[in-house]
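Structural features, examined
What follows is each chain in one-letter form.
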Amino acid sequence: MTRPATRTATRTATRTHCPYCSLQCGMTLQPRGRTLEVQPWAEFPVNEGGLCRKGWTAGGLRGHRERLTSPLLRDRATGALREASWDEALDLLAGRLRALRAEHGPDAVAVFGGGGLTNEKAYQLGKLARVALGTSQIDYNGRWCMSSAASAGNRALGVDRGLPFPLADVEGTEVLVLVGSNLVETMPPAARHLDRLRENGGRVVVIDPRRTPTADRADLVLQPVPGTDLVLALGLLHLLDAAGAVDTAYVETRTTGWAAVKAAAAGWWPERVERVSGVPAAQLRELADLLAGAEKAMVLTARGAEQHAQGTATVLAWIDVALALGLPGRPHSGWGCLTGQGNGQGGREHGQKADQLPGYRMIDDPAARAHVAGVWGVEPDSLPGPGRSAYELLEALGTEDGAKALLVFGSNIAVSAPRTGHVVPRLEALDLLVVADLVMSETAALADVVLPVTQWAEETGTMTNLEGRVVLRERAVEPPAGVRDELALIADLAARVGSPVPFSTEAAEVFAELGRASSGGRADYAGIDHDRIRREEGVFWPCPSPEHPGTPRLFTERFAHADGLARFVTVEHAGPAEPVDDAYPLHLTTGRVLAQYQSGAQTRRIAELPDDGPFVELHPMLADRIGAHHGEPVVVTTRRGELKATARVVDTIRPDTVFVPFHWVGANRLTHDALDPASRMPEFKVCACAVRT
Ligand SMILES: Nc1nc2c(c(=O)[nH]1)N[C@H]1C(S)=C(S)[C@@H](COP(=O)(O)OP(=O)(O)OC[C@H]3O[C@@H](n4cnc5c(=O)[nH]c(N)nc54)[C@H](O)[C@@H]3O)O[C@H]1N2
Ligand SMILES: Nc1nc2c(c(=O)[nH]1)N[C@H]1C(S)=C(S)[C@@H](COP(=O)(O)OP(=O)(O)OC[C@H]3O[C@@H](n4cnc5c(=O)[nH]c(N)nc54)[C@H](O)[C@@H]3O)O[C@H]1N2
Ligand code: SF4
Ligand SMILES: [Mo]
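About the thresholds
Residues numbered from 1 in each chain as written. Chains lettered and ligands numbered in written order. Predicted model: local features only at pLDDT ≥ 70, side-chain atom pairs only at ≥ 80, totals over all residues. Heavy atoms only, no water. Helix = DSSP H or I, 4+ residues; strand = E, 2+ residues; numbered from the N terminus. Areas by Shrake-Rupley, 256 points an atom, 1.4 Å probe, with all protein chains shown as cover. Lys, Arg positive; Asp, Glu negative; His and termini not counted. Charge placed at Lys NZ, Arg CZ, Asp CG, Glu CD. Near = heavy atom within 4 Å. Polar contact = N/O pair within 3.5 Å; in protein donor to acceptor, adjacent residues only side chain to side chain. Nonpolar A, V, L, I, M, F, W, Y, C, P; charged D, E, K, R; others polar. Domains from an automatic or database assignment. Salt bridge = Lys/Arg side-chain N within 4 Å of Asp/Glu carboxyl O. Buried < 20%, exposed > 50% of the residue type's maximum accessible area, 1.4 Å probe, protein only. Contact = heavy atoms within 4.5 Å. Buried area = accessible area lost by both parts, 1.4 Å probe.

If you look the protein chain up in an unreviewed UniProt entry, it shows as Molybdopterin-dependent oxidoreductase from Nocardioides flavescens.

Structure follows, in structure tokens:
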């Protein structure tokens, strides 16, 4: 037998991918005693051996003293968590789940998943909910991530895949517009592609209320008031149309709906855009000129534009810009979304989302139900219908018609959910909270049952990166004693709650089943298997058969709607759900810093990563007005709560806006829970606040 291509010369070194973000940087792991040494994997095309600080230090959770290594049960008498055997924990858990289901019906049990889980885990979790528990109540943290881009992509282009081209394609474009992305800090190795784009003579444009390290690499920086990106897009459409820069041949042959968008954009002349967005009309004209003069251009949106109550509309407006210029499907051109979590893409395709079955099939579609039920070996009628979106699911917990038990796999809700002051009491109101995690996250600390599971280097599974490239994470080391493989845990739990069908525990087998379930669906993985990924270093979906080469680039001939045409969608600006006023005169926005990941559950435990939060970024003019000093505490308040944090006085932020990273407990006590009507995305990126010393 030939040695698999992904093995390196050293027998114990394993080629795999980073445990964190959607870039899924290739890396090589070398076990060293109790830790894991991370080494480059130079040939992997997305990062070419480069990693960010989080990637280089990712081995630190291996053998970490805070790693969970025994199931824990909450002792009713003392209220404290105590160690238990796996059998005791799972027996108790299954017994209580069965009892709750018998008393209140199957929807009494809810499941909350994560975009960091492998495709195999995400698929099994959806099956656990729909088949073993029979509940409709499942959703996941990806709803808070790229759901607005997903709903906009589906609506306009007929499919939802983060990037419709390999990331390296950006190097060949002439103008790259980043709308609400701080790529240099959130996907640092991707910065090499920006640098090459500029070396090739291309321009980078960054739209962000803060002048970020990404903006430092840009040729043009627009700093809008948070929540006004939609208006910028309408203003651009206005200018492009007036300049005769609309690609009429493309619009006529490949799209529908332009006339209505053109009419709507007519009302958004640059000075009106400036009044709403704060972006000088001259800057908008400069951007319009850049785009009008380019053959090839790309618009990439990220959370800054998407995490709004108008997130879907905002992305649609930017897709309108891309379509007007005839970009999607053209080489080195188009619109894409920079997805976030390691498996943000695959995690939403295979059944964790409240309204979806594997393969990106809709759960209310009878043909989709029949197909997936066939693969699962159950009756289509036995499958529940659509459930609630992430925030709505949490908001209903413990209420009359909400779930009484919640199983959390791969999310630290107590920190990362919007309006945690409202969500944490919902978690506390549950009869039963179960958390599977690697560490005692803030959510696990609230649980009645804590289940310690394997992490990335201790298990095999696939991830789908931001490009739609399915990659393989290989098991590199044995898990610590006491920790359970998560696929085995899900299978065991399914059996104990009386699943009518068995669950496989082998990742390759689960992936093959996922392939069958996805076959013929929008995200078709049927032609992909673990060995093929090893040989080809990633395969792009859709890939319907083993002979199919995979699809690195979408839309070259047609869009994914039945008629092959893209849809212009007319949208109107409504503004943030909570406008500023005299009591709360500032815009609060939230986001990330380079050295921390998400709720911080993992990265705050890595000693080499700076843990210097929480902090509040504010402009010197604002600091002067309220008497705040750099490095000293300030208090941020909103109608929902307050946070005391260290002031960082920086002239890179708008004077009317403050920024708080959400990696530390408390940021989300402040955030608003307004949801986008289509995607159910919470408005993480803007609400009204006040700051005092
Ligand atoms: N270091 C690090 N990297 C990560 C993560 C992490 O936690 N830490 N998480 C990963 C995940 S899950 C995700 S989703 C991605 C997110 O990646 P990004 O979207 O790049 O990250 P954010 O910091 O959330 O937001 C990006 C920028 O949006 C800006 N912004 C705020 N409000 C607005 C607005 O109204 N309009 C515009 N145009 N911009 C606005 C913020 O100032 C911020 O600089 O990062 C991934 N990579
Ligand atoms: N204010 C504000 N809030 C936000 C955002 C924002 O920009 N601003 N962004 C939102 C976005 S984009 C996202 S993606 C969410 C993310 O927020 P969370 O869902 O809280 O993300 P993580 O901190 O990555 O949580 C993952 C948890 O799962 C554990 N874990 C890791 N791997 C595994 C595994 O394989 N199995 C199991 N069972 N557990 C595992 C980790 O230890 C950690 O406790 O936050 C959202 N919240
Ligand atoms: S950019 Fe993302 S995938 Fe790459 S090393 Fe950093 S966290 Fe890991
Ligand atoms: Mo995310």
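1. Details of the overall build of the protein chain
The helix and strand tally for the protein chain stands at 23 helices and 28 strands. By element, 50% of the accessible surface of the protein chain is carried by carbon and sulfur atoms, the whole surface being about 23,200 Å². The distance from the centre of the 72 positive side-chain charges to the centre of the 84 negative ones in the protein chain is 2 Å.

2. Re the site of ligand 1
Taken together, 32 residues form the shell around ligand 1, and within it Asp208, Asp229, Arg592, Gln596 and Gln598 come nearest. Between ligand 1 and Gln596, the relevant distance is 2.7 Å, taken from a nitrogen atom to a main-chain nitrogen or oxygen of the residue. In the complex, the protein chains occlude 99% of the 910 Å² of accessible area that ligand 1 would expose alone. Elements with a contribution of two residues or more to the shell around ligand 1: helix 5 (183-186), helix 12 (303-306) and strand 23 (586-591). A breakdown of the residues in the shell around ligand 1 according to their chemical character gives nine nonpolar, 15 polar and eight charged. Both domains that furnish three or more residues to the shell around ligand 1 are identified here as domain 2 (153-338) and domain 3 (586-692).

3. Observations regarding the pattern of salt bridges
All told, the structure shown has 46 salt bridges when counted by the stated rule. For Arg15, the salt bridge is made with Glu43, and the minimal N-O distance between the two is 3.1 Å. Residue Arg15 is found in strand 1 (residues 14-17), and its partner Glu43 is found in the loop between strand 3 (35-40) and helix 1 (53-56); the two are separated by 28 residues along the sequence. Under the relative-accessibility criterion, Arg15 is labelled buried at 15%. Residues Lys262 and Asp241 are paired through a salt bridge, measuring 3.0 Å at the closest nitrogen-oxygen approach.

4. Here we look at the site of ligand 2
Surrounding ligand 2, one finds 31 residues, the nearest of these being Asn141, Asp437, Glu486, Ser599 and Asn668. Gln307 is positioned with one of its side-chain polar atoms (N or O) 3.1 Å from an oxygen atom of ligand 2. Split into classes, the residues belonging to the shell around ligand 2 amount to 12 nonpolar, 14 polar and five charged. Here the shell around ligand 2 spans two domains, and each of domain 1 (72-144 + 345-507) and domain 3 (586-692) adds at least three residues to it.

5. Re the domain arrangement of the protein chain
When cut into domains, the protein chain gives domain 1 (72-144 + 345-507), domain 2 (153-338) and domain 3 (586-692). Computed over C-alpha atoms, the centres of domain 1 and domain 3 are 30 Å apart. Across the contact, 19 residues belong to domain 1 and 20 residues belong to domain 3. Counting the surface lost from both domain 1 and domain 3, the interface buries some 1,600 Å², and carbon and sulfur atoms represent 58% of this. On inspection of domain 1 and its partner domain 3, the count reaches three salt bridges. Taken together, the links from domain 1 to domain 3 amount to 14 residue pairs in polar contact (both at pLDDT 80 or more). Mapped by element, the contributors of at least two residues to the side of domain 1 that touches domain 3 are helix 16 (390-396), helix 17 (413-416) and helix 18 (420-428). A per-class count over the side of domain 1 that touches domain 3 returns eight nonpolar, six polar and five charged.

6. Quick word on helix 19 (residues 486-496)
The buried count for helix 19 comes to 10 of 11 residues, which makes it a mostly enclosed element. The complete set of buried residues in helix 19 reads Glu486, Leu487, Ala488, Leu489, Ile490, Ala491, Asp492, Leu493, Ala494 and Arg496. Taken together, the buried residues of helix 19 touch helix 2 (86-104), helix 3 (119-133), strand 16 (405-409), strand 17 (432-437), strand 18 (449-452) and helix 20 (507-518). Near the N-terminus of helix 19, the side chain that reaches the backbone nitrogen of Leu487, with its oxygen 3.0 Å away, is that of Asp485.

7. Points about the side chain of Ser148
Following the sequence through the fold, Ser148 ends up in helix 4 (residues 147-157). Residues in contact with Ser148, not counting those within four places in the same chain, are Glu306, His308, Gly311, Thr312, Val315, Asp676, Ser679 and Met681.

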